[in-house]
Amino acid sequence: MRRTVFNEDHEAFRETLRAFIEAEVVPVYDEWFAAGQAPRDFYYKLGELGIFGINVPEEFGGAGMESHKFEAVLYEETARAGVQFGGSGVHVLLALPYIKMLATDEQKKRYLPKFVSGEEMWAIAMTEPGTGSDLAGMKSTAKLSEDGTHYVLNGAKTFITGGVHADKVIVCARTAAPTAEDRRHGISLFAVDTKSEGYSVGRKLDKLGLKTSDTAELAFVDVKVPVEDLLGEENKGFYYLGHNLASERWGIAFGAYAQAKAAVRFAKQYVQERTVFGKPVAHFQNTKFELAACQAEVDAAEAVADRATEALDAGELTPAEAASAKLFCTEVAHRVIDRCLQLHGGYGYMNEYPIARLYADNRVNRIYGGTSEIMKTIIAKDMGL
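Residues numbered from 1 in each chain as written. Predicted model: local features only at pLDDT ≥ 70, side-chain atom pairs only at ≥ 80, totals over all residues. Heavy atoms only, no water.

**A word on the overall build of the chain**
Across its full length, the chain holds 12 helices and 10 strands. Here the C-alpha coordinates of the chain stretch approximately 80 × 50 × 40 Å along the principal axes. Expressed as a percentage of its 385 residues, the buried residues of the chain come to 51%. Within the chain, contacts between residues separated by at least 24 positions form 75% of all contacts whose residues are at least 6 apart in sequence. Split by element, the accessible area of the chain, about 18100 Å² in all, is 53% carbon and sulfur. Where the 43 positive side-chain charges of the chain centre and where its 54 negative ones centre are 6 Å apart. (Helix = DSSP H or I, 4+ residues; strand = E, 2+ residues; numbered from the N terminus. Buried < 20%, exposed > 50% of the residue type's maximum accessible area, 1.4 Å probe, protein only. Contact = heavy atoms within 4.5 Å. Areas by Shrake-Rupley, 256 points an atom, 1.4 Å probe, with all protein chains shown as cover. Lys, Arg positive; Asp, Glu negative; His and termini not counted. Charge placed at Lys NZ, Arg CZ, Asp CG, Glu CD.)

Pasting the structure below:
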């Protein structure tokens, strides 16, 4: 089947990106992996390449695109090479939509030029210790000062991807108590400068996978946040968070499909080169059948991912459709990557092989952005069940 989701511009971007990865990332990726994060200056290179400005309006230094297809190419090319771009995915996929949707013109003038260049890296802090997916249960508070010039932020966050290198963090905190009718009421969003007094980065968390992506705990003790850095309206934060979940879940779905596709590529190459009992592993019927089954699943995931991409670009991707795409693509990736690792034998368990890193990186896809169980709940509700 001929794929129609990408045009010549996307393919030209793919060539540029592939060359960049081969020159700037692959030679040093083992060093990043050992260090547990990409170096801060790498993000300046991404800014120079234009990665951060694709969906930023031209007046703020971006390319002014409204399509997510360039992001899709990025997912495919990083997966193909078996690398990650550190915590930069949060900068673009998660933080940017909130800035574009909620920031005033004055805020955009302050935020976006440095966002595009990589001078200021952004993260988003939602999850708190003990609350997990229950965002309405967050305890962090932001109280308006008596003179009305700033909010005083107190609390803690965890699992914050990009939290070590972040210069700005979109922090979710309570500006009012929940009501009896709506426990989601009272949450607001703030663009917090990480250099603020009272702001601190705790542990850099040691994760199973995504080793080059810095993930941290954050703490706020009487952090003063100027009122000019409130994003959107007070107490409507929970609504804003829900508004962007479809695009976040699309990103996870497409990334998972890309990982599954890469796993088949890695396994095919390995079984053609590896010899057992005097024959290439690819010669055995079991190998052919396993890879054929994996390829069929990847083909199906590609169709789902592409359809979701088209719907997202058209502004028509519903929460239930995004949940369905995430559920399907992440579960397919789980099965495919596991089977492809099995074909590597003992070498598949070694981190020097990309399939091992991919196996670990992929596992979180069924957890973050909403677990597979949450996706099933959303889909079932949409079915009227």
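**As for the pairing of strand 7 (residues 215-226)**
For a regular strand, side-chain orientation follows a simple rule: the groups alternate between the two sheet faces. In terms of strand pairing, strand 3 (residues 150-161) meets strand 7 through nine bridges, oriented antiparallel. Counted as the bridge partner of Gly155 is Phe220 from strand 7. (Pairing = 2+ DSSP bridges.)

**Focus: a nonpolar patch on the surface**
Judged by side-chain polarity, Tyr347, Tyr349 and Met350 come together as a nonpolar surface patch covering roughly 360 Å² of accessible area. With respect to the helices, strands and loops of the structure, Met350 is situated in the loop between helix 10 (319-343) and helix 11 (354-362). We classify Met350 as partly exposed; its relative accessible area is 36%. (Patch = residues over 30% accessible without salt bridge, like charges linked within 9 Å, V, L, I, M, F, W, Y side chains within 5 Å. Salt bridge = Lys/Arg side-chain N within 4 Å of Asp/Glu carboxyl O.)

**What to know about the nonpolar core**
Val25, Phe42, Phe85, Leu153, Leu189, Val336 and Cys340 are the most contacted members of the largest nonpolar core, which has 109 residues in total. Broken down by element, this core gets its largest block of residues, 15 residues, from helix 8 (residues 245-273). Not counting residues within four places of it along the chain, the set of residues in contact with Leu189 comprises Tyr98, Leu102, Ile170, Val171, Cys172, Asp229, Leu230, Leu231, Gly237, Tyr240 and Leu241. (Core = buried A, V, L, I, M, F, W, Y, C linked by side-chain atoms within 4.5 Å.)

**Some points on the packing of aromatic side chains**
Applying the stated rule across the entire model yields 17 aromatic pairs. When the centroid spacing of 5.3 Å and the interplanar angle of 85° are considered together, the rings of Phe254 and Tyr257 count as edge-to-face. A residue pair is termed a helical-turn pair when its members lie 3 or 4 positions apart in one helix, as Phe254 and Tyr257 do in helix 8 at three residues. Of the two residues examined, Phe254 and Tyr257, each falls in the buried class. For the ring pair Tyr270 and Tyr353, a centre distance of 6.1 Å and an interplane angle of 85° mean the geometry is edge-to-face. A residue pair is termed long-range when its members are at least 10 positions apart, and Tyr270 in helix 8 and Tyr353 in the loop between helix 10 and helix 11 qualify at 83 residues. The class of Tyr353 is partly exposed, set by a relative accessible area of 23%. Among the aromatic side chains, those forming a connected cluster through ring pairs are Phe20, Tyr29, Trp32, Phe42, Tyr43 and Phe85. Geometry around Tyr44 places Arg40 over its ring, the cationic atom sitting 4.8 Å from the centre. (Phe/Tyr/Trp six-rings, centres within 6.5 Å; stacked < 30°, edge-to-face > 60°. Lys NZ or Arg CZ within 6 Å of the ring centre and 35° of its normal.)

**Notes on the environment of Ile379**
Looking at the element boundaries, Ile379 is found in helix 12 (residues 372-382). A C-alpha to C-alpha distance of 5.2 Å links Ile379 and Ala320, two positions 59 residues apart in sequence. Those residues in contact with Ile379 that lie beyond four places of it in its chain are Ala320, Ala323, Ser324 and Leu327.

**Some details on the pattern of salt bridges**
In the structure shown here, the tally under the stated rule is 26 salt bridges. A salt bridge links Glu76 to Arg14, with the nearest nitrogen and oxygen atoms 2.9 Å apart. Taken together, the positions of Glu76 in helix 4 (residues 69-81) and Arg14 in helix 1 (residues 8-25) put the pair 62 residues apart, joining distant regions of the chain. Taken as a pair, Glu76 and Arg14 share a single burial class, namely buried. A salt bridge links Glu297 to Arg335; the nearest nitrogen and oxygen atoms lie 2.6 Å apart. Residue Glu297 is found in helix 9 (residues 285-313), and its partner Arg335 is found in helix 10; the two are separated by 38 residues along the sequence. Taking relative accessible area as the criterion, Glu297 reaches 17% and is therefore assigned buried. Since its relative accessible area comes to 35%, Arg335 is described here as partly exposed. Three or more residues are tied together by salt bridges with common partners; here these are Arg3, Glu11, Arg14, Arg18, Glu76, Glu77, Lys261, Glu302 and Asp306.

**Comments concerning the packing of helix 8 against helix 11**
Two measures define how a pair of helices packs: the angle their axes make with one another and the distance between the axes. The geometry of helix 8 relative to helix 11 is characterised by a closest axis approach of 10 Å and an angle of 160° between their N-to-C directions. Compared by their axis directions, helix 8 and helix 11 come out roughly antiparallel. Both helix 8 and helix 11 take part in a crossing whose hand is left-handed. Of helix 11, the residues touching helix 8 (which contributes Gln259, Ala262, Ala263 and Phe266) are Pro354, Ile355, Leu358, Asp361 and Asn362. Among the residues forming the contact of helix 8 with helix 11, the class breakdown is six nonpolar, two polar and one charged. (Axes fitted to C-alpha atoms, helices over the stretch in contact; angles between N-to-C directions. Parallel < 35°, antiparallel > 145°, perpendicular 65-115°, else oblique. Left-handed = near helix turned anticlockwise from the far one by under 90°. Nonpolar A, V, L, I, M, F, W, Y, C, P; charged D, E, K, R; others polar.)

**Regarding the environment of Cys172**
Here Cys172 is to be found in strand 4 (residues 168-174). On a C-alpha basis, the gap between Cys172 and Thr287 in space is 49 Å, while along the polypeptide they are 115 residues apart. Excluding residues that lie within four positions of it along the chain, Cys172 makes contacts with Ala125, Met126, Met138, Ser140, Lys157, Ile187, Ser188, Leu189 and Leu241.

**Looking at helix 1**
An α-helix turns once per 3.6 residues; consequently, residues spaced three or four apart project the same way. Between its first and last C-alpha atoms helix 1 spans 25 Å; for 18 residues at 1.5 Å apiece the expected length is 26 Å, and the two agree. Within the sequence span of helix 1, burial applies to His10, Phe13, Arg14, Leu17, Phe20, Ile21 and Val25. With its buried residues spanning 135° around the axis, helix 1 presents them on a single face. Turned more than 90 degrees away from the buried face of helix 1, the exposed residues are Glu8, Glu15 and Ala23. (Expected span 1.5 Å × (residues − 1). Arc of directions from axis to C-beta.)

Geometry only, nothing functional implied.
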